[in-house]
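# Examining the three-dimensional arrangement
The chain contents come next:
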Amino acid sequence: MIDQPLNATSRRGFLKQTSSIAAASTLLGSTIPHVHAGEKNTINVALIGCGGRGTGAAANALSVQNGPIKLIAMADVFEDRLNDSYKHLTAQDSEEEKKQNSENSRFKCPEQIDVPEERRFIGFDAYKQAMDCLKPGDVAIFATPPAFRWVHFKYAIEKGLHVFMEKPVTVDGPGARKMLELADQSEQLGLKVGVGLMCRHCVARGELFDRIKGGEIGDIITLRAYRMVGPTGSAFAEPKPEGISELLYQIREFHAFLWASGGAYSDFLIHNIDECCWMKDAWPVNAIASGGRHYRDNYVDQNFDTYSVEYTFDDGTKLYLDGRNMDGCHQEFASYAHGSRGSAIISAAAHTPAKSRIFKGQNFVDDEIAWQFDCDEPNPYQLEWDHLIEAIRQDSPYNEVRRGVQASVVTAMGRLSAHTGQRVTYDEMLNHEHELAPQIANLTMDSDAPVQCDENGAYPTPLPGIIQDREYYSFSETSDETASPVEADVSGETEATDDS
Ligand SMILES: NC(=O)c1ccc[n+]([C@@H]2O[C@H](COP(=O)([O-])OP(=O)(O)OC[C@H]3O[C@@H](n4cnc5c(N)ncnc54)[C@H](O)[C@@H]3O)[C@@H](O)[C@H]2O)c1
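What counts and what doesn't
- Residues numbered from 1 in each chain as written.
- Predicted model: local features only at pLDDT ≥ 70, side-chain atom pairs only at ≥ 80, totals over all residues.
- Buried ≥ 20, exposed ≤ 12 C-beta atoms within 10 Å, placed from the backbone.
- Helix = DSSP H or I, 4+ residues; strand = E, 2+ residues; numbered from the N terminus.
- Pairing = 2+ DSSP bridges.
- Near = placed C-beta within 6 Å.
- Axes fitted to C-alpha atoms, helices over the stretch in contact; angles between N-to-C directions.
- Contact = placed C-beta atoms within 7 Å.
- Right-handed = clockwise from strand over helix to strand, strands pointing away.
- Parallel < 35°, antiparallel > 145°, perpendicular 65-115°, else oblique.
- Left-handed = near helix turned anticlockwise from the far one by under 90°.
- pLDDT = per-residue confidence, 0-100.
- Arc of directions from axis to C-beta.
- Core = buried A, V, L, I, M, F, W, Y, C linked by C-beta atoms within 7 Å.
- Domains from an automatic or database assignment.

## What to know about the pairing of strand E8 (residues 286–292)
Residues Ala287, Ala289 and Gly291 of E8 are buried on one face, while the alternating residues Asn286, Ile288, Ser290 and Gly292, pointing to the opposite face, are not. Pairing of E8 with strand E15 (residues 424–425), which is carried by two bridges, proceeds in the antiparallel orientation. Bridge assignment links Ala287 to a residue of E15, and that residue is Val424.

Printed below as a string of structure tokens:
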């Protein structure tokens, strides 16, 4: 599987890692026990981040059919979120609901949920308390905003736990480098780690990948991907209401804040980027992107409404990506590949079913269909769990973190390009020094939030061309600190460079 271009940093990191890997191994005393091979062995699970996806992931975990599995601890920073999740998981669906809800359809045993009050934890240390309820070889689910990923993963490694973590797995350069180091440690210890890029487990896309590899569309020349939809998640945030701390408000509205999620760009576009890179079997080496804020009304978040990106692979192949969160416009949520001898629909509409197809020409017309996946597509959100738990029970190698970091860095590379107005390479993104939330490991309920608002309640937004070296500066930073390598001339009288 594709494993480039992780170069200088990963090699340099390897030397540094020897000591930390040794530390983790010593802490564990031995390798992770393979205790789950027998049918009678129960795998215990802890859910950290009990929102929409975490609740869905827990249901998927409990639906795996190859042996006993139980949810025994839950953690969140919001009590209402944890309670809602618990209620949802323990509610018994009607027969009709069971039929309709494919995510939960195989999970129907209330005794699989054993989370009494004393194993429901609230706060920024709740992740530790929940993982402390597990034994080595059990599974922790991370479905908080991605900013917390490396902090929680580090603790899971210390405890010898297998992990399922949602995407993105990092939002900035320093986080990516930490995650690569942790990926090494988890691989050395034989931990099994799933990353929530579930499209990689889709059988239709999998068959398409094999067919592309077999030359059925020739060499890939261009990839195109679109997530042009209406306002999504908490990407459009209104000013903080009374009665909630600044920090908790930013976590609640995490799509609005680059430190928490990488914003609308990273959180929403990563799946389409990743599935295109899968088909190409490579990662792009640079990105040139643009974007803008159009209809902001009373919204105070850090996002652009539109993003348009040209990713370039080492062989010159392009991936063109359009992201838009805007009502009243053309809507499309799909990925396509164009080759020298045909073309393919990678995914036709959102994540599943993919309805992957190959066409003889470059137009997606029915009478040119050369192949289509025409069986029912199993749910990839369930498949990713079936595969993870199977690997744990069989003790077979299974670790998606490195690939998850690569997908997250490629995604962040496009975001940094759009937000700064610069061409950004993969290595520049990976080695970028702007740590969006340096205090993330030590947050408490009383901590300041990683980014502060102005007197109108608005947060710093990217200013492409004006701030060129990072995505934003906080309002509190002095003008000296905000000086960018090319100081902007907003009057429009900047000296022309090589063309007009
Ligand atoms: N694979 C997919 O298709 C998919 C779909 C949706 C979301 N996701 C990912 O799942 C993650 C969560 O997204 P969501 O939509 O469920 O958001 P959400 O807001 O519904 O859930 C996040 C939960 O994490 C909690 N939380 C935040 N910080 C925490 C901390 N430090 N410790 C413990 N709990 C904390 C929040 O209170 C909330 O309950 C994101 O990374 C997102 O990208 C993936």
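## Side note on the environment of Gln112
Mapped onto the elements of the fold, Gln112 is located in the loop between helix H4 (95–100) and strand E3 (120–122). Sequence separation of Gln112 and Lys70 is 42 residues, and the distance between their C-alpha atoms is 4.5 Å.

## So, the environment of Val169
As for its placement among the helices and strands, Val169 is situated in the loop between strand E5 (162–165) and helix H7 (173–188). With 240 residues separating them along the chain, Val169 and Val409 place their C-alpha atoms 9.2 Å apart.

## Overview of the site of the ligand
Close to the ligand lie 26 residues; Gly49, Gly51, Arg53, Arg81 and Glu166 are nearest. When residues of the shell around the ligand are traced back to their parent elements, those giving at least two are helix H2 (52–62), strand E2 (69–76) and helix H5 (126–132). Per-element accounting of the shell around the ligand gives the leading share, three residues, to H2.

## A look at the sheet that holds strand E4 (residues 139–142)
Adjacent strands of a sheet pair through backbone hydrogen bonds, lying either parallel or antiparallel. Spatially, six strands are ordered E3-E2-E1-E4-E5-E6 in an open sheet, and the strand pairing comes out parallel. If you trace the sheet from one side to the other, it starts and ends with E3 and strand E6 (193–195), each paired once. Put simply, the sheet's adjacent strands are angled 15 degrees from each other on average, direction ignored. As defined by bridge partners, E4 adjoins E5 across four bridges and the pair is classed as parallel. Across the sheet, the residue bridging to Val139 is His162, located in E5. Of the strands in this sheet, strand E1 (43–48), E2, E4 and E5 touch H2, which is tilted by about 150 degrees from E4. Here helix H6 (residues 149–159) sits on the sheet in contact with E1, E4 and E5, set at roughly 165 degrees to E5.

## A word on the pairing of E4
Along E4, one buried face is formed by Val139 and Ile141 and the opposite face, lined by Ala140 and Phe142, is buried too. By the bridge criterion, four bridges tie E1 to E4 in an arrangement that is parallel. Bridged to Leu47 within E4 is Ile141. Assessed by its sense of winding, the connection that carries the chain from E4 through H6 to E5 is right-handed.

## What about the packing of H6 against H7?
Axis separation between H6 and H7 bottoms out at 10 Å; the angle between their running directions is 20 degrees. Between H6 and H7, the interaxial angle falls into the category roughly parallel. Remark: the crossing between H6 and H7 carries left-handed chirality. Seen from H6, the contacting residues are Arg149, Trp150, Phe153, Lys154 and Ile157; seen from H7, they are Gly175, Lys178, Met179, Leu182, Gln185 and Ser186.

## Overview of the confidence of the model for the protein chain
Of all residues in the protein chain, 84% attain a pLDDT of 70 or more, and the chain-wide mean is 88. Confidence over residues 478–500 falls short of pLDDT 50; this stretch has 13 contacts with residues more than four positions distant or in other chains.

## Thoughts on the sheet that holds strand E12 (residues 342–347)
One open sheet holds the nine strands; their spatial order is E14-E13-E12-E11-E7-E10-E9-E8-E15, and the pairing between them is mixed. The strands lining the two open edges of the sheet, one partner per strand, are strand E14 (369–372) and E15. Relative to strand E10 (residues 318–325), strand E9 (residues 306–312) runs antiparallel, the two sharing seven bridges. By the bridge assignment for E10, Thr306 is matched with Arg324.

## A short note on helix H8 (residues 203–213)
Turning to H8, its buried residues are Ala204, Arg205, Leu208, Phe209 and Ile212. Looking straight down H8, one finds its buried side chains confined to an arc of 140 degrees; they lie on one side. In this structure, H8 carries Asp210 and Lys213 as exposed residues pointing more than 90 degrees from its buried face. Positioned one or two residues after H8, Gly215 has a phi angle of 90 degrees, which is positive.

## Concerning the nonpolar core
Side chains of nonpolar character tend, in soluble globular proteins, to be buried together. Counting residues in hydrophobic clusters, the biggest one holds 127 residues, and the most contacted among them are Ala46, Ala140, Ile141 and Val163. The biggest single contributor to this core is helix H11 (residues 263–280), with ten residues. Both domain 1 (8–199 + 382–400) and domain 2 (202–377 + 401–500) contribute no fewer than three residues apiece to this core. If near-sequence neighbours (up to four positions away) are discounted, Ala140 is found in contact with Ala46, Ile48, Met131, Leu134, Ala156, Leu161 and Val163.

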